[in-house]
Amino acid sequence: MSGLLGARTCSSPGEASDLKFPLGAKLREPLTQARFQQLFGGAEQAQDLLAESRWSGLCRLWRRRACACSGPGAWRLLLARLPPLRWLPQYRWRAWLLGDAVAGVTVGIVHVPQGMAFALLTSVPPVFGLYTSFFPILIYTLLGTGRHLSTGTFAVLSLMTGSAVERLVPEPLGGNLSAIEKEQLDAQRVGAAAALAFGSGALMLGMFALQLGVLSTFLSEPVVKALTSGAALHVLVSQLPSLLGLRLPRQIGCFALFKTLAAVLTALPQSSPAELTISALSLALLVPVKELNVRFRDRLPTPIPGEIVMVLLASVLCFTSSLDTRYNVQIVGLLPGGFPEPLLPNLAELPRILGDSLPIALVAFAVSASLASIYADKYSYAIDSNQELLAHGASNLISSLFSCFPNSATLATTSLLVDAGGNTQLAGLFSCMVVLSVLLWLGPFFYYLPKAVWMVTWVSVVTLSVDLGLAVGVVFSMMTVVCRTQRVQCVALGLAEGTELYRPLQESHKLLQVPGLCILSYPTPLYFGTRGQFRHNLEWHLGLGRGKETPKVDGPPDAVAEPVRVVVLDCSGVAFADAAGAREVVQLASRCQDAGIHLLLAQCNASVLRTLTQAGLLDRVTPEQLFVSVQDAAAHALERLELTGPKTCTVWV
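Cut-offs used in this document
Residues numbered from 1 in each chain as written. Predicted model: local features only at pLDDT ≥ 70, side-chain atom pairs only at ≥ 80, totals over all residues. Heavy atoms only, no water. Core = buried A, V, L, I, M, F, W, Y, C linked by side-chain atoms within 4.5 Å. Buried < 20%, exposed > 50% of the residue type's maximum accessible area, 1.4 Å probe, protein only. Helix = DSSP H or I, 4+ residues; strand = E, 2+ residues; numbered from the N terminus. Axes fitted to C-alpha atoms, helices over the stretch in contact; angles between N-to-C directions. Parallel < 35°, antiparallel > 145°, perpendicular 65-115°, else oblique. Left-handed = near helix turned anticlockwise from the far one by under 90°. Contact = heavy atoms within 4.5 Å. Nonpolar A, V, L, I, M, F, W, Y, C, P; charged D, E, K, R; others polar. Disulfide = S-S within 2.5 Å. UniProt positions renumbered as here; feature names shortened; annotations may be inferred. Pairing = 2+ DSSP bridges. Right-handed = clockwise from strand over helix to strand, strands pointing away. pLDDT = per-residue confidence, 0-100. Expected span 1.5 Å × (residues − 1). Phe/Tyr/Trp six-rings, centres within 6.5 Å; stacked < 30°, edge-to-face > 60°. Patch = residues over 30% accessible without salt bridge, like charges linked within 9 Å, V, L, I, M, F, W, Y side chains within 5 Å. Areas by Shrake-Rupley, 256 points an atom, 1.4 Å probe, with all protein chains shown as cover. Salt bridge = Lys/Arg side-chain N within 4 Å of Asp/Glu carboxyl O. Polar contact = N/O pair within 3.5 Å; in protein donor to acceptor, adjacent residues only side chain to side chain.

Turning next to the nonpolar core. Ranked by size, the top nonpolar core spans 58 residues in total, and within it Val124, Leu130, Tyr131 and Leu157 carry the most contacts. Where this core is concerned, the elements lending two or more residues are α6 (93–121), α7 (127–132), α8 (135–143), α9 (155–168), α10 (179–209), α17 (350–378), α18 (385–400) and α20 (427–442). With 12 residues, α17 is the single largest residue contributor to this core.

Axis separation between helix α22 (residues 531–542) and helix α23 (residues 579–595) bottoms out at 10 Å; the angle between their running directions is 20°. What the angle tells us is that α22 and α23 run roughly parallel. As for the relative orientation of α22 and α23, their crossing is right-handed in sense. Along its contact with α22, which presents Arg531, Phe534, Arg535, Leu538, Glu539 and Leu542, the element α23 presents Ala580, Arg583, Glu584, Val585, Gln587, Leu588, Arg591 and Cys592. Tallied by class, the residues present in the contact of α22 with α23 amount to seven nonpolar, one polar and six charged.

Covalent bonding between the sulfur atoms of two cysteines is what defines a disulfide. Going through the model one piece at a time under the given rule, you end up with zero disulfides. The structure places no disulfide on Cys571, whose sulfur is separated from the nearest cysteine sulfur, that of Cys604, by 3.6 Å. Taking relative accessible area as the criterion, Cys604 reaches 11% and is therefore assigned buried.

In this section: the UniProt feature "transmembrane region" (unreviewed entry) in the protein. With numbering aligned to this structure, UniProt lists the feature "transmembrane region" (unreviewed entry) at residues 93–112, 119–143, 190–214, 357–376, 424–449 and 456–479. In residues 93–112, the share of helix is 100% and the share of strand is 0%. The end C-alpha atoms are 27 Å apart. Along residues 357–376 the backbone is 100% helical and 0% strand, and the end-to-end C-alpha distance reaches 28 Å.

Turning our eyes to something else, we now look at the pairing of strand β9 (residues 598–602). Taken across its five residues, β9 has five buried, putting it largely inside the fold. Judged by which residues are buried, β9 turns out to be covered on both faces: His598, Leu600 and Ala602 on one side and Leu599 and Leu601 on the other are all buried. Where strand β8 (residues 566–570) meets β9, five bridges bridge the pair, whose relative direction is parallel. Paired with Val567 across the two strands is Leu599, which belongs to β9. On the question of chirality, the crossover connecting β8 to the parallel β9 by way of α23 is right-handed. The pairing of β9 with strand β10 (residues 626–627) spans two bridges and is parallel. Bridging across to β10, Ala602 finds its partner in Phe627. In this region the chain leaves β9, passes through helix α24 (residues 606–614) and returns to the parallel neighbour β10; the handedness of that crossover is right-handed.

Once that is clear, we can look at the confidence of the model for the protein. Counting all residues, the mean pLDDT for the protein is 75, and 72% of those residues have values of 70 or more. A low-confidence stretch, residues 49–54 (pLDDT under 50), is modelled with 14 contacts involving residues beyond four sequence positions or located in other chains. Taken together, the stretch residues 447–451 has pLDDT below 50 and engages in 28 contacts with residues farther than four places along the chain or on a different chain.

What follows is about the pairing of strand β4 (residues 491–496). Across the six residues that make up β4, a large majority, six, are buried. Examined bridge by bridge, β4 and strand β7 (residues 517–521) share two bridges and lie antiparallel to one another. The partner of Ala492 across the bridge, within β7, is Leu520. Bridge analysis of β4 against strand β5 (residues 502–504) gives three bridges, and the strand direction is antiparallel. Residue pairing for β5: Leu495 is matched across the bridge by Tyr502. Hairpin connection, β4 to β5: the antiparallel pair is bridged by five residues, and Gly498 has positive phi, about 80°. As defined by bridge partners, β4 adjoins strand β6 (residues 511–512) across two bridges and the pair is classed as antiparallel. Paired with Leu495 across the bridge in β6 is Leu512.

Moving on, we get to helix α14 (residues 273–295). Taking 1.5 Å as the rise per residue, α14 with 23 residues should run 33 Å; its terminal C-alpha atoms sit 33 Å apart, in good agreement. Of all the residues in α14, the buried ones are Ala274, Glu275, Ile278, Ser279, Ser282, Leu286, Val289 and Asn293.

Before going further, it helps to spend a moment on the packing of aromatic side chains. Considering all chains together, one arrives at eight aromatic pairs under this definition. When the centroid spacing of 5.1 Å and the interplanar angle of 85° are considered together, the rings of Phe134 and Phe135 count as edge-to-face. Of the two residues examined, Phe134 and Phe135, each falls in the buried class. Measuring from ring centre to ring centre gives 4.3 Å for Phe135 and Phe402, while their planes differ by 15°; the resulting arrangement is stacked. Residue Phe135 is found in helix α8, and its partner Phe402 is found in the loop between α18 and β3 (408–409); the two are separated by 267 residues along the sequence.

Okay, a nonpolar patch on the surface next. Together, Trp75, Leu78, Leu82 and Leu85 give the surface a local cluster of nonpolar side chains, amounting to about 340 Å² of exposed area. Relative to the elements of secondary structure, Leu82 occurs in the loop between α4 (71–81) and α5 (84–87).

Taken together, the buried positions of α24 are Val608, Leu609, Thr611, Leu612 and Thr613. The secondary structure elements touched by the buried residues of α24 are α1 (33–40), α23, β9 and β10. Backbone nitrogen of Ser607 and a side-chain oxygen of the N-cap are separated by 3.1 Å at the start of α24; the cap is Asn605. Just downstream of α24, Gly616 is the residue with a positive phi angle, here 95°.

So, on to the pattern of salt bridges. If you walk through the whole model with that rule in mind, you get six salt bridges. A salt bridge links Arg189 to Glu166, with the shortest nitrogen-to-oxygen separation between them at 3.3 Å. Remark: Glu166 occurs in helix α9 and Arg189 occurs in helix α10; sequence separation between them is 23 residues. Each member of the pair, Arg189 as well as Glu166, is classed as buried. A salt bridge links Arg591 to Glu539, with the nearest nitrogen and oxygen atoms 2.8 Å apart. Here the residue Arg591 occupies a position in helix α23, and Glu539 occupies one in helix α22, the gap between them amounting to 52 residues. Put simply, Arg531, Arg535 and Glu584 are held in one network by salt bridges that share partners.

Attention now goes to the side chain of Asn396. Considering the arrangement of structural elements, one finds Asn396 in helix α18. Asn396 gets classed as buried once you look at its relative accessible area, which sits at 0%. Each residue touching Asn396, except ones within four places of it in the same chain, is listed here: Ala197, Phe198, Ser200, Gly201, Met204, Pro406 and Asn407.

Quick look at the structure:
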């Protein structure tokens, strides 16, 4: 049925129409897609309506590249790739500098114990956690677009890297290693961790070259939250042996969490009372301080640094009581001063670590892009997901040359940075200064620090390993979107009397209908996954199925069904169509032609129209059957059904 019943013309000035139409209606000729382009589009669009010229597309591409090679184009490229050139000239020194300094120092203080703890989680010596808390932050400050993002060591990546390192460089079965053998084992594991960082960084740079930042849209917030919270429980369980002073081999692979729990319960009688006491006292300090920071967030000028207080107290206690010699408590030991020499990871190991580098790269980008988006929305600025790929890829690849392990944005320090008043990436430089001071001068003070662990909150998914858990989460979230497109139904529309509004017939019994005319809306993308549902819906509405049964009417129960003579397909809800979906539309046009049904298409966007044309639609329909709106298509349909006089349609103003 048409939405243009009010457009009927009168045979004489005195004839009154028995149909209602909106006030202020004007009459015009219905517009086909071609006529609309001739009137309102450019000359080039009118000449090439249905398919973009390949030559003109190539010309535009070359023009864009030529502009990029010009002086202004090179400057725009430099501004895009070095964000400080954009935000530093607009920096509010008086308003932001103090907040960035306080937040940066606070986060830097937290980076010290966190970096060393996560290095142990990665199965490398603690000092390499400090390296990973310095170089990536410095690089991201220069390349990142997230103003409130804090990068460095992250529990999820450390857990994944540690599992891969333990598998690539396993500890000898005997377990009793000499000092030299232990040093050689650590060197091999550091090399494996650095190779993983190099591989994941190279993969992210490859994704940047392919402009795959759009993949961040598939990483929904529930997936990221489930990933991080599930990994938090993995972190907690994996560190139970250290908390209890147990010397247990690390479990890797699926069900590693349950294997670790079983091993801990079995060896529980052999736990060290001294290390258990240190762990309990540390938790007794950390948990209340964390609660105070959360509860009095608005009143405290800066969060209480409970972590650094714990580190200092534990170091003093271990030194004064000689816990390392009297009770065999594991301590950090000597932290080498300065930085390691730049060293290219063993490229021969890349084929072995590629399978581990890919999930690490995806997790790093997933968490970083999600965190950056959350705070960008909160503080009303934009991030560039492709530039984030460049920033994190460069952070991992360059830092791997300095024996760093994989890194990304971190949940805890990012939240701390915001709470402490951070405003821009400049806070990262102050964090680097704190870590640098530890590496250069303060390292000896951490000699007697016991290996206690960084505790994080727990929730949810615990059965599989972290990388498989992420894959399951992403696939499941994408499948929910696919399943929703499968459940969409083709809707028959009718005109709300006296308006220009088209509504589904099932919503009201007062919608106007015209016998023999069917207006259908298909509100979902048309691709290989929905083509079967599309075919079934159209067959049902148009009576094209087996036996060509008369379709059911969506209107009032007592409505009389008539064979469809004209169908208007509203394509405004079809965001895109692939080749399989386009072929289905072509087949529909052919079947309608054989059944004597006149098919009209309305409101096809340029992409869908191009795909339909490439599939051969114009072999089945003419350009005069493509309309810019449902109203125009319905006006044409009414004339074909001989329900109107002159070819007119209503425009509401």
